[in-house]
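Understanding the architecture of this molecule
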Amino acid sequence: MALLLLTCLPFVAALVLGTGASAPRRVHVAIAGGASAAGLALLLTLAPAVLAGARPAVRIAWVPALGLDFSLWLDPLGLLFAGLILGIGLLVVIYAAGYLASAERTGRFLSFLMLFQGAMVGIALSANILLMLVFWELTSLSSFLLIGFWRDRADARQGARMALAVTGGGGLALIAGMLLLGQAAGSYELADILARGDVVRASPLYPAILVLVLLGAFTKSAQFPFHFWLPHAMAAPTPVSAYLHSATMVKAGVFLLARLWPVLAGSELWAALVAITGLVTMVFGAAVALFRHDLKAILAYSTISQLGMIMMLLGFGTPGAAAAAVLHVLNHAAFKAALFMVAGNVDHETGTRDLRRLGGLAVLMPLTATLGTLAAAAMAGLPPLGGFLSKEMMLEESLHARLGAGSWLLPALATLGALLSAAYSFRLAVALFFGERRTGEVAAPHDPGLAMLLPPAVLAMAALGFGVLPMMLAEPIVTAAAGAVTLGQAPHLHLALWHGLNPALALSAIALGCGALLLWRLPLVATWAARRRAPDAKRLFDAALDAIVRGVRRASGIVHRPSLQRYLLALFAVVVVLGIDGALVSGIHAGSRPTLPASLAAVVTWVALIAATLAVVVAQRRRFLALVFISVIGLVVALAFVHLSAPDLALTQIAVEVVTIILLLLALHLLPDAPARLSSMPRRIRDIAVGAVAGIGAGWLAWAMMTREAVESISAYHWANSYKGGGGTNVVNVTLVDFRAFDTLGEIIVLGIAGLAIFALLEPADRGTAGRRLREWREDMAHSPERHPMMFVMATRLLLPLALLVGIYIFLRGHNQPGGGFIAALVFSIAILLQYLASGFDWTDERRRIGEHPLIAWGVLIAAATGLGALLFGAPFLSSSFGYFHLPLIGEFELATAMLFDLGVAAVVVGAVMMALAQLSHVAQRAARQSDGEGA
Amino acid sequence: MSLEFLIASAIGVLVAGGVYLALRARTFQVVLGLTLLSYAINLFLFASGRLIVDRPPLYAKDVADYADPLPQALVLTAIVITFGMTALTVILSLRSFLESGTDQVDGDAALDEDRIL
């Protein structure tokens with residue numbers, strides 16, 4: 001329970017901060033600081049038990065089928081990292097309160113920071129590697145938001161994007177690696193995986209797992225050659241840098257490798273990849289840091305270098321080295337966060353971070369200078385600070401590492417790394433605080449307020465304390481965490497400043513001495529280094545990104561042509577090929593079911609249909625003519641339904657036919673009438689061939705189906721229960737409103753959405769380019785000067801009540817006789833449409849009380865409410881109920897809830913049909929009026 | 001000639017015409033093609049209940065022989081949805097004509113426009 005609270009607390013704080021962005025800054029800081037402090041306090045109450053060997057855990061099934069559980073635990077390693085995250089998080093919140101200008105949106109900033117904190121805590125506490133991946137991705141995303149917080153600055157945006165591309169790309173590799181790891185170990189639970197290290201290392205998947213996981217860890221921890229995003233991420237506000245790049249984000253990769261150390265470490269491949277990458281990164285980062293002038297750039301490259309050192313230690317694969325790595329994680333977090341804050345103070349007070357414009361600040365900013373010097377000394381590895389201890393352990397381990405055993409190269413390079421680290425640390429402190437007085441943008445800078453001094457002071461004191469009182473402050477947690485990393489193989493640490501005269505001490509002394517020497521002679525070296533032209537990683541990255549984007553554009557340009565014909569041709573061709581394949585596999589012979597003889601009338605109407613279809617094809621470019629033929633086809637289809645015992649279908653078809661033709665006529669009014677032919681002869685022949693094959697296939701399929709016996713279907717059930725259960729004798733209607741009412745509900749919703757989409761398409765059609773074209777539109781056809789012929793107007797007005805009566809009649813009888821909501825709605829629509837046609841748009845629109853939107857909305861609501869009503873009576877959704885009543889004069893009649901449902905259906909259909917037609921005619925009307933107005 | 005043959009051949013001809021028209025280069029022909037295809041598909045679905053004359057699916061106690069009500073119910077909604085689809089396609093093509101000044105869907109007109117820009 002405590003673990004859940006620990007993980008959720010930062011997310012809750014992020015949510016509160018995000019929604020309450022308008023609250024005053026005090027409140028924001030109180031929420032973020034309070035959440036961090038509460039989390040830290042909670043963690044500390046758990047700490048004694050964890051250090052004593054307890055492993056609190058919580059596991060909630062999430063997607064058990066995938067092996068993904070919301071599974072958290074707390075072991076000493078997680079405790080160490082969570083402590084760093086929450087502790088430094090608290091200090092960073094306090095620091096940010098002083099650092100951010102009053103105009104900054106602190107709510108937004110702290111919300112992102114808390115989101116990031118929650119993700120990091122989640123990584124530290126995850127006991128399931130899939131869950132860890134989720135949090136891992138969340139850190140990439142939230143760090144993107146933090147780095148790019150000053151979104152009006154181009155460098156911030158680019159830095160954020162680069163960090164996301166690199167760490168996100170590594171995250172993808174990590175996902176693959178973790179999935180393979182889970183497969184090799186047979187579980188995604190960390191406890192199981194840690195116990196099966198031998199199995200994983202023996203698995204043939206091991207090299208792939210290792211490389212993929214390392215890609216994830218190296219990108220996150222900015223290891224060479226993926227280091228380049230970190231310096232660019234310095235565009236972030238300094239509190240973010242202090243948080244992300246000292247203790248948390250970049251340590252996530254280290255944490256991951258420490259976490260999986262018992263599983264993945266111990267092989268030659270591990271040692272080669274991790275130790276060498278770490279070593280190269282350490283030396284490279286330190287060398288670059290030495291020649292930078294921007295404070296934060298120095299700190300960024302020094303972070304790269306220090307992380308390289310931790311990586312190298314993990315890579316050695318020995319328990320002692322792992323312990324040294326853990327100790328350095330602690331030390332680095334303390335002094336690097338302090339240094340970032342000191343750099344922030346200097347930047348904040350002097351307006352610059354350029355070392356060349358700064359100097360002698362010790363007199364002006366004594367407190368900042370003290371803290372900065374202390375932290376820099378820890379980074380240099382000077383006794384009696386914590387950095388000295390871990391550096392000595394590192395040098396000691398480099399002498400004993402199995403990698404390149406006995407060779408002098410490894411200790412020499414490790415010493416070189418330490419030497420360069422000492423040199424840039426000295427340079428930082430000396431150039432900033434001593435020597436000639438240079439104060440950047442302002443004349444007399446001074447120490448900032450308490451909020452910006454307290455956090456670095458706490459951290460610098462910690463850096464000092466880890467050296468002076470190591471056995472009290474660092475040993476318990478480091479021993480326990482190292483034990484967790486190595487599954488109990490770690491030696492019992494004896495941390496002390498003085499271990500007697502030994503080779504490591506000698507190397508340490510060489511590093512410090514030569515480091516000081518190097519600083520003294522730095523100008524010479526700098527001129528030499530300036531002549532070496534290092535490749536600019538950002539330019540390479542940008543070029544690579546550009547090349548990828550170009551390649552993808554070209555590829556999608558090849559696949560995605562703005563030609564509907566190509567897509568449809570591919571679609572039809574695939575269907576034809578699949579159909580032929582299916583026919584070859586399972587046979588498509590005709591059956592022996594007796595056929596029905598065709599009457600002469602049937603043959604004649606068939607001839608009409610065939611002729612009309614051919615005529616449509618031939619007359620396709622003479623559009624009004626094509627419409628006439630289309631309507632012939634619709635008519636014949638309706639007649640076929642009449643003949644073949646489907647009265648409901650016939651009624652629906654004929655009504656839909658009418659509205660479809662009116663719709664197409666209205667659309668044609670605005671579309672070009674008889675356009676030129678576009679397709680070439682070969683293309684037409686090809687399309688005729690495709691059409692012919694498809695037609696023959698479909699026809700034969702229909703023939704084969706109809707000449708075989710029907711399989712037993714659910715129809716018999718519908719038939720048997722229609723009257724008994726549904727209270728109606730029209731089985732088709734009962735099926736629609738009762739048996740399959742859920743389908744119908746879905747269908748009217750789709751219809752409603754289509755209506756709304758039509759509205760959305762036509763509503764803005766008179767604006768912008770479309771509006772201009774509409775205004776330029778000219779009547780291209782002569783028509784009668786009499787817009788609304790009297791006879792037509794009078795006849796349709798007389799017809800209206802009759803038509804509405806017919807609609808109501810069809811609706812009411814639908815349950816037992818052919819009819820129902822669909823057909824009634826279409827009849828209604830046609831009745832109203834006739835008014836539009838005869839009396840004009842304006843006349844009719846004025847007299848209409850209910851708009852299409854409410855019709856659609858109420859229809860869906862009525863239908864859904866009817867269905868939900870059934871739940872009140874304990875029946876399943878959309879069950880209908882009915883009863884028979886007697887009224888004087890009218891006699892026996894039936895009422896069914898299904899009729900209410902049908903009413904909803906009818907409302908939606910009327911709404912959608914009217915939406916399409918009325919909106920279209922409205923647009924046409926506007927265009928025509930324009931045309932008239934200009935013609936007159 | 002049997003009724004089954006008439007229906008099957010009608011479906012075939014409608015599909016052939018529909019496919020050919022759907023492959024034309026202008027929106028209106030495509031709409032016509034889709035309309036023809038819809039007729040064919042609705043007829044096919046309906047025919048899956050097999051053909052029967054003068055036996056509408058209206059329940060009465062002593063009726064044993066009746067048209068299959070299930071495909072009819074499916075086709076009834078299909079006809080209405082077909083209208084919705086046709087309407088949306090027509091409006092879509094109208095709007096795109098108004099926006100782009102062309103009713104072509106073969107991509108060539110769009111390319112011309114690009115070149116002008």
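Residues numbered from 1 in each chain as written. Chains lettered and ligands numbered in written order. Predicted model: local features only at pLDDT ≥ 70, side-chain atom pairs only at ≥ 80, totals over all residues. Heavy atoms only, no water.

- Per an unreviewed UniProt entry, chain B carries the name Multicomponent K+:H+ antiporter subunit C and comes from Sphingomonas jatrophae.
- Its UniProt record gives chain B the following Subcellular location (unreviewed entry) comment, quoted word for word: "Cell membrane". (UniProt positions renumbered as here; feature names shortened; annotations may be inferred.)

- Chain A appears in an unreviewed UniProt entry as Multicomponent K+:H+ antiporter subunit A from Sphingomonas jatrophae.

**Overview of the overall build of chain B**
- Along the backbone of chain B there are four helices and zero strands.
- Going through the 117 residues of chain B one by one, you find that 65% of them count as buried.
- When contacts within chain B are restricted to residue pairs at least 6 apart in sequence, those whose partners lie at least 24 apart make up 56%.
- Surface summary for chain B: the accessible area is close to 4100 Å², and the carbon and sulfur share equals 62%. (Helix = DSSP H or I, 4+ residues; strand = E, 2+ residues; numbered from the N terminus. Buried < 20%, exposed > 50% of the residue type's maximum accessible area, 1.4 Å probe, protein only. Contact = heavy atoms within 4.5 Å. Areas by Shrake-Rupley, 256 points an atom, 1.4 Å probe, with all protein chains shown as cover.)

**Structural notes on the overall build of chain A**
- A tally of helices and strands in chain A yields 40 helices and six strands.
- Counting across all 936 residues of chain A, residues that qualify as buried make up 54%.
- Long-range contacts, defined as pairs at least 24 residues apart, comprise 79% of the intrachain contacts of chain A with a sequence gap of at least 6.
- When the accessible surface of chain A is split by element, carbon and sulfur atoms take 71% of a total near 39300 Å².

**Regarding unusual backbone geometry**
- Cis geometry marks the peptide bond from Phe224(A) to Pro225(A), where omega comes out at 0°.
- Positionally, Pro225(A) belongs in the loop between α9 (206-220) and α10 (229-232).
- Cis peptide bonds are those with omega within 30 degrees of zero, and the linkage from Pro383(A) to Pro384(A) qualifies with 5°.
- Within the secondary structure, Pro384(A) sits in the loop between α18 (366-380) and α19 (386-400).
- Even without being a glycine, Ser645(A) presents a positive backbone phi close to 65°.
- Position of Ser645(A) relative to the elements: it lies in the loop between α29 (623-643) and α30 (647-670).
- Residue Arg50(B) is not a glycine yet carries a positive backbone phi of 65°.
- The residue Arg50(B) is located in the loop between α2 (27-47) and α3 (69-100) in this model.

**Regarding the UniProt feature "transmembrane region" (unreviewed entry) in chain B**
- Taking the numbering used here, the UniProt-annotated feature "transmembrane region" (unreviewed entry) corresponds to residues 6-23, 30-53 and 73-94 of chain B.
- In the segment residues 6-23 of chain B, helix accounts for 94% and strand for 0%; the C-alpha atoms at its two ends are 26 Å apart.

**Focus: the interface of chain A and chain B**
- On the chain B side, the residues contacting the 111 residues of chain A number 85 residues.
- Around 9200 Å² of area is buried between chain A and chain B when both sides are counted, 77% of it from carbon and sulfur atoms.
- When the buried area of chain A at its contact with chain B is split by residue, Leu644(A), Met706(A) and Trp719(A) rank highest and sum to 9% of it.
- The interface formed by chain A and chain B includes three salt bridges.
- The closest approach of N and O atoms between Arg593(A) and Glu4(B), which form a salt bridge, is 3.8 Å.
- If one sorts the elements of the side of chain A that touches chain B by residue count, helix α31 (residues 681-706) of chain A sits on top with 16 residues.
- Looking at the side of chain A that touches chain B residue by residue, the class counts come to 74 nonpolar, 24 polar and 13 charged. (Buried area = accessible area lost by both parts, 1.4 Å probe. Salt bridge = Lys/Arg side-chain N within 4 Å of Asp/Glu carboxyl O. Nonpolar A, V, L, I, M, F, W, Y, C, P; charged D, E, K, R; others polar.)

**With respect to a nonpolar patch on the surface**
Residue and element names in this part refer to chain A.
- A cluster of nonpolar residues, Val468, Leu469, Met472 and Leu473, forms a patch on the protein surface that exposes about 380 Å² of accessible area.
- Tracing the sequence through the fold places valine 468 in helix α21 (residues 450-468).
- For valine 468, a relative accessible area of 47% corresponds to the partly exposed category. (Patch = residues over 30% accessible without salt bridge, like charges linked within 9 Å, V, L, I, M, F, W, Y side chains within 5 Å.)

**Looking at the packing of helix α16 (residues 319-350) of chain A against α21(A)**
All names here are of chain A.
- Their axes nearest at 8 Å, the elements α16 and α21 cross at an angle of 150°. When the axes of α16 and α21 are compared, the crossing they make is left-handed. Of the residues in α21, those in contact with Leu330, Asn331, Ala334, Phe335, Ala337, Ala338, Met341, Val342, Gly344, Asn345 and His348 of α16 are Met452, Leu453, Pro455, Pro456, Leu459, Ala460, Ala462, Ala463 and Phe466.
- Of the residues that constitute the contact of α16 with α21, the class distribution is 16 nonpolar, four polar and no charged. (Axes fitted to C-alpha atoms, helices over the stretch in contact; angles between N-to-C directions. Left-handed = near helix turned anticlockwise from the far one by under 90°.)

**Description of α3(B)**
- Across its 32 residues, α3(B) extends 46 Å between first and last C-alpha, which sits within 8% of the 46 Å expected from 1.5 Å per residue.
- Two to three positions downstream of the cap, the backbone nitrogen of Leu70(B) sits 3.2 Å from a side-chain oxygen, assigning the N-cap of α3(B) to Asp68(B). (Expected span 1.5 Å × (residues − 1). Polar contact = N/O pair within 3.5 Å; in protein donor to acceptor, adjacent residues only side chain to side chain.)

**Thoughts on the environment of Arg677(A)**
Residue and element names in this part refer to chain A.
- Note on placement: arginine 677 falls in the loop between α30 and α31.
- For arginine 677, a relative accessible area of 43% translates into the label partly exposed.
- If near-sequence neighbours (up to four positions away) are discounted, arginine 677 is found in contact with Arg621 and Arg684.

**Overview of the pairing of strand β1 (residues 57-63) of chain A**
All names here are of chain A.
- Inspection of the sheet shows β1 paired to strand β2 (residues 68-73) by six bridges, in the antiparallel sense. Across the sheet, the residue bridging to alanine 57 is tryptophan 73, located in β2.
- What sits between the antiparallel neighbours β1 and β2 is a turn of four residues, in which glycine 67 has the positive phi angle 80°. (Pairing = 2+ DSSP bridges.)

**Some details on the packing of aromatic side chains**
- On inspection of all chains with the given rule, the structure shows 16 aromatic pairs over all chains.
- Each ring, one from Tyr717(A) and one from Phe739(A), has its centre 6.1 Å from the other, and the planes form 55°; the classification is tilted. Here Phe739(A) lies in helix α33 (residues 731-739) and Tyr717(A) lies in helix α32 (residues 715-726), a separation of 22 residues in the sequence.
- Looking at Phe739(A), the relative accessible area reads 25%, which means it is partly exposed.
- Ring-pair connections join several aromatic residues into one group, and the members of that group are Trp719(A), Tyr723(A), Tyr59(B) and Tyr66(B).
- Between Arg797(A) and the ring centre of Trp843(A), over which it is positioned, the NZ or CZ distance is 3.8 Å.
- Sitting over the face of the ring of Tyr20(B), Arg24(B) holds its NZ or CZ atom 4.2 Å from the ring centroid. (Phe/Tyr/Trp six-rings, centres within 6.5 Å; stacked < 30°, edge-to-face > 60°. Lys NZ or Arg CZ within 6 Å of the ring centre and 35° of its normal.)

**Some words on the side chain of Ser126(A)**
- Mapped onto the elements of the fold, Ser126(A) is located in the loop between α4 (106-125) and α5 (129-147).
- Those residues in contact with Ser126(A) that sit more than four places away from it in its chain are Ser71(A), Leu72(A), Trp73(A), Leu131(A), Met132(A), Phe135(A) and Leu190(A).

**Describing the confidence of the model for chain B**
Residues and elements named next belong to chain B.
- In the predicted model, chain B carries a mean pLDDT of 86, and 92% of its residues have values of at least 70.
- When mean pLDDT is compared element by element in chain B, helix α1 (residues 3-22) scores highest at 95, while helix α4 (residues 108-116) scores lowest at 49.
- Note that pLDDT drops below 50 for residues 111-117; the model gives that stretch one contact with residues more than four away or on any other chain.
- As a predicted assembly, this complex carries a pTM of 0.68 together with an ipTM value of 0.93. (pLDDT = per-residue confidence, 0-100.)

**Remarks on α1(B)**
- For α1(B), built from 20 residues, the straight-helix expectation of 28 Å at 1.5 Å per residue is met to within 8% by its first-to-last C-alpha distance of 28 Å.
- Of all 20 residues in α1(B), 18 are buried; the element is thus mostly enclosed.

**Side note on the environment of Leu678(A)**
- Tracing the backbone through its elements, the reader meets Leu678(A) in the loop between α30 and α31.
- Contacts of Leu678(A), omitting those with residues within four sequence positions, involve Ala25(B), Arg26(B), Gln104(B) and Asp106(B).

**Some remarks on the side chain of Thr238(A)**
All names here are of chain A.
- Relative to the assigned elements, threonine 238 resides in helix α11 (residues 238-247).
- A relative accessible area of 1% means that threonine 238 is categorised as buried.
- For threonine 238, the side chain forms a polar contact with the side chain of lysine 296, separated by 3.4 Å.
- Those residues within four positions of threonine 238 in sequence are excluded, and the remaining contacts are Tyr99, Lys296, Phe340 and Gly344.

**Structural notes on the pattern of salt bridges**
Residue and element names in this part refer to chain A.
- According to the stated counting rule, one finds 19 salt bridges over all chains in the structure shown.
- Here aspartate 155 makes a salt bridge to arginine 153, at a shortest N to O gap of 3.1 Å.
- By relative accessible area, which is 39% here, aspartate 155 ends up partly exposed.
- Between aspartate 347 and arginine 353 there is a salt bridge; the shortest N-O distance is 3.9 Å.
- With a relative accessible area of 17%, aspartate 347 lands in the buried category.
- Each of the salt bridges in this network shares a partner with another, and the network as a whole consists of Arg59, Asp69 and Glu189.

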